[in-house]
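Each chain is listed here by its residues.
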Amino acid sequence: MQEYKGRLTLAKGTYVEFVVAPDEDVDFGDILAVEGKNDDIFYIRVYDFKVKSRWSDLKGVGYLMSKLDGEGKAENQEELDFYLGGNHTVKVGMAEQLCYANANGDLFNPKTCPDFFCEVRALRKEDAILLAELKGDLEIGLLKSGRAIMDLPVGIYGNKTIGEHIGVFGTTGSGKSNLVKVLAGSIATNGNYGVLIFDVHNEYHNALIQHPRAKEKVFIYHTGESNGYAKQLKLDYSQLSIEAIVSCANFTEPQLDALFKLSTVWQDKWLEYILNYEVEDIIEALKEETGQKFQSRTISKIKSICWNLKQELNINGYEEDVLKEIINKLETGNIVLVEMKEISNLGEYALSTLLSQALLHYYTCKTEVEREKTKTVLIVLEEAHRFLGKKSHANNNIFAQLVSEARKFNLGMCVIDQQPRLLADQVLSQLNTLFILGLASKADRSKLESMSRKDILKQRNEIKNLDCGEMIAATNYMRFAAPVKVYKYEDYLEHLSH
Ligand SMILES: Nc1ncnc2c1ncn2[C@@H]1O[C@H](COP(=O)(O)OP(=O)(O)O)[C@@H](O)[C@H]1O
Ligand SMILES: [Mg+2]
């Protein structure tokens, strides 16, 4: 890509116009540098164009039209080229100043504008200050500049983003799963953070075990028998919380009431007892303890759901505490993958709820000092609207709690969805980092525009035109939202080995 892009022709506030040098490509979303007078460098982002010509007025257009034949074809192309060529016609880039660097290399938010006719050029390696801020410690891809992909890595700082929640949005096929792989891969490379991924399609293990540090960093669990790559997940009776049960099915008021009474009366043993006792005996026991007589239909329904969960999630009285093992892996900075393709929605809801709850509980109980020694953990939740949609959020389930409270405890959510508009506003407003991939629906794009903490309105044209694997990364601490070509996971691994 050519470095020289054009000359500045107008600046007003943070708005900048420049003529694009003939034969140069400048695209929506390009980030360019304007060389100021005192070795200042102004960084600008192009968001629109206008084409201007001395022929632009009605008379001019009429004159040019007279050079065409009845079918709109040029009668004399050479003559027409002459009229249109040279500096009779210019393309003007409309851009916004993002920040500027002074001669000492300090970066500032816009405070002044560049001067008339300053040179506009592409970014290059020497724009190190800007690029250091963009790079972070978790690399995700390369800076995109319009059509070109630059050899400039972009990423995020885990310590500034994970605890503040991340949203990944894009239509099916836009590259969400690939992005999760790369993010998890980067976290494994870095080693300073933990990730818990609920893998509903069993699509991640193949990728993650290819990682050079997989043996020490990646741990896979599933509900089937332990095998070469995954360990069997087992739970003790006491580990299935009431919240986990409640999350997985629609219970009636009396059923909910019975559930809470059961857990109050039998505490840790409630699940074991409800599974092992006859319905009549349970009703009797509850009546004795609480004075309330529940119907056998109510208890049967609870018993039946508990039985299903016991089968699916291997709930039993075990010596080995797999749940604790998972939490320890996470707090020491590992990738934990929980495969859920084989289990029903019911099991998936219960399992993801109880794991997240256990993690939140564990982190909440730590003292400040202990917490400093533990790693920040990211919980990756796919098709998040199922848990954090407008209705489910109102139930204040564990994920809603995590979104609103977790940041205090070094936990963060990575909320993934193809339709951000389905998520509760309270959730969207808590996401301090957004990875916006291609979104086909205007309603989804508008929703993000209105909820994003960074002003991404000016990037509307860019967002509309994102291809597979391309995204806009907007995070709180970055001065501007950056266009990124996410590494294809296989290329990321390749890139690691160099
Ligand atoms: N950054 C990327 N670079 C190149 N190809 C990509 C990239 N991201 C995704 N793809 C390809 O696009 C397809 C869909 O990606 P995927 O991550 O599964 O999308 P989603 O999870 O959003 O449905 C995959 O075949 C993947 O290889
Ligand atoms: Mg996917």
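- If you look the protein up in an unreviewed UniProt entry, it shows as ATP-binding protein from Selenobaculum gibii.

### A look at the packing of helix H5 (residues 176-190) against helix H22 (residues 489-496)
So, point 1. Close contact between H5 and H22 brings their axes to 9 Å; oriented N to C, the two are set at 25°. In terms of orientation, H5 and H22 fall into the roughly parallel class. Here Asn178, Lys181, Val182, Gly185, Ser186 and Thr189 of H5 come into contact with H22, specifically with Tyr489, Tyr492 and Leu496.
So, point 2. Residues belonging to the contact of H5 with H22 are distributed by class as follows: four nonpolar, four polar and one charged.

### Let's talk about the site of ligand 1
So, point 1. Gly173, Lys176, Ser177, Asn178 and Val486 are the nearest of the 14 residues found near ligand 1.
So, point 2. Ser177 is positioned such that a nitrogen or oxygen atom in its side chain is 2.7 Å from an oxygen atom of ligand 1.
So, point 3. Relative to its unbound accessible area of 550 Å², ligand 1 is 69% covered by the protein chains.
So, point 4. Counting only elements with at least two residues in the shell around ligand 1, the list comes to H5 and strand S21 (482-486).
So, point 5. Counting residues per element, the shell around ligand 1 draws most heavily on H5, at three residues.
So, point 6. Taken together, the residues that form the shell around ligand 1 break down as three nonpolar, eight polar and three charged.

### A look at the domain arrangement of the protein
So, point 1. The domains assigned to the protein are domain 1 (4-122), domain 2 (152-234 + 320-496) and domain 3 (248-312).
So, point 2. Just the C-alpha atoms count here: the centres of domain 1 and domain 2 sit 40 Å apart.
So, point 3. For the pair domain 1 and domain 2, the two sides together bury roughly 960 Å², of which 60% comes from carbon and sulfur.
So, point 4. The largest per-residue losses of area from domain 1 upon contact with domain 2 belong to Phe28, Arg45 and Tyr47, which jointly make up 45% of the total buried on that side.
So, point 5. Along the contact surface separating domain 1 from domain 2 lie zero salt bridges.

### A word on the nonpolar core
So, point 1. Counting 84 residues, the largest nonpolar core has Leu309, Leu351 and Leu388 as its most contacted members.
So, point 2. Looking at this core element by element, the count peaks at 10 residues for helix H14 (residues 345-364).
So, point 3. Those residues in contact with Leu309 that sit more than four places away from it in its chain are Leu240, Ile245, Cys248, Asn314, Ile315, Leu346, Gly347 and Ala350.
So, point 4. Ile166, Val380, Phe480 and Tyr487 belong to the second-largest nonpolar core, a separate cluster that totals 60 residues.

### Considerations on the sheet that holds strand S13 (residues 230-232)
So, point 1. The strand order across the open sheet formed by 12 strands is S9-S8-S21-S20-S19-S10-S18-S17-S11-S16-S12-S13, and the pairing between neighbours is mixed. Among the strands making up the open sheet, the edge pair consists of strand S9 (148-156) and S13. On average, adjacent strands in this sheet sit at an angle of 25° to one another, irrespective of strand direction.
So, point 2. Two elements, strand S8 (residues 138-145) and S9, share six bridges in a ladder whose sense is antiparallel. Directly across from Gly141, in S9, lies its bridge partner Val154.
So, point 3. Seen against the sheet, helix H13 (residues 322-331) touches strand S11 (193-199), strand S12 (218-222), S13, strand S16 (335-339) and strand S17 (376-381) and runs at an angle of roughly 155° to S12.

### Side note on helix H11 (residues 279-290)
So, point 1. Here H11 contains 12 residues, and its C-alpha end-to-end distance of 16 Å stays within 8% of the 16 Å for a straight helix at 1.5 Å per residue.
So, point 2. Where H11 is buried, its residues meet helix H9 (253-266), helix H10 (270-276) and helix H12 (296-312).
So, point 3. Gly291 occupies a position one or two residues after H11 and carries a positive phi of about 80°.

### Quick notes on the layout of surface pockets
So, point 1. The computed volume of the largest pocket comes to approximately 600 Å³.
So, point 2. Considering the residues around the largest pocket, the lining is formed by 23 residues, among which Glu243, Val246, Ser247, Asn395 and Asn397 are closest to the centre.
So, point 3. Elements with a contribution of two residues or more to the lining of the largest pocket: helix H8 (242-248), H9, H14, helix H16 (385-388) and helix H18 (398-405).

### Description of the pattern of salt bridges
So, point 1. Scanning all chains against the criterion turns up 26 salt bridges.
So, point 2. Note that Glu126 and Arg124 form a salt bridge whose closest N and O atoms lie 3.2 Å from each other.
So, point 3. Residue Arg124 is classed as partly exposed on the basis of its relative accessible area of 25%.
So, point 4. Between Glu325 and Lys231 there is a salt bridge, with the nearest N and O atoms lying 2.8 Å from each other. Separated by 94 residues along the polypeptide, Glu325 in helix H13 and Lys231 in strand S13 bring together distant segments of the chain.

Thresholds applied
Residues numbered from 1 in each chain as written. Chains lettered and ligands numbered in written order. Predicted model: local features only at pLDDT ≥ 70, side-chain atom pairs only at ≥ 80, totals over all residues. Heavy atoms only, no water. Axes fitted to C-alpha atoms, helices over the stretch in contact; angles between N-to-C directions. Helix = DSSP H or I, 4+ residues; strand = E, 2+ residues; numbered from the N terminus. Parallel < 35°, antiparallel > 145°, perpendicular 65-115°, else oblique. Contact = heavy atoms within 4.5 Å. Nonpolar A, V, L, I, M, F, W, Y, C, P; charged D, E, K, R; others polar. Near = heavy atom within 4 Å. Polar contact = N/O pair within 3.5 Å; in protein donor to acceptor, adjacent residues only side chain to side chain. Areas by Shrake-Rupley, 256 points an atom, 1.4 Å probe, with all protein chains shown as cover. Domains from an automatic or database assignment. Buried area = accessible area lost by both parts, 1.4 Å probe. Salt bridge = Lys/Arg side-chain N within 4 Å of Asp/Glu carboxyl O. Core = buried A, V, L, I, M, F, W, Y, C linked by side-chain atoms within 4.5 Å. Buried < 20%, exposed > 50% of the residue type's maximum accessible area, 1.4 Å probe, protein only. Pairing = 2+ DSSP bridges. Expected span 1.5 Å × (residues − 1). 1 Å grid on protein atoms, 1.4 Å probe; cavity = no way out; pocket = protein on both sides within 12 Å on 5 of 7 lines; lining within 4 Å. Points joined across faces, edges and corners; volume = space filled by probe spheres on them.

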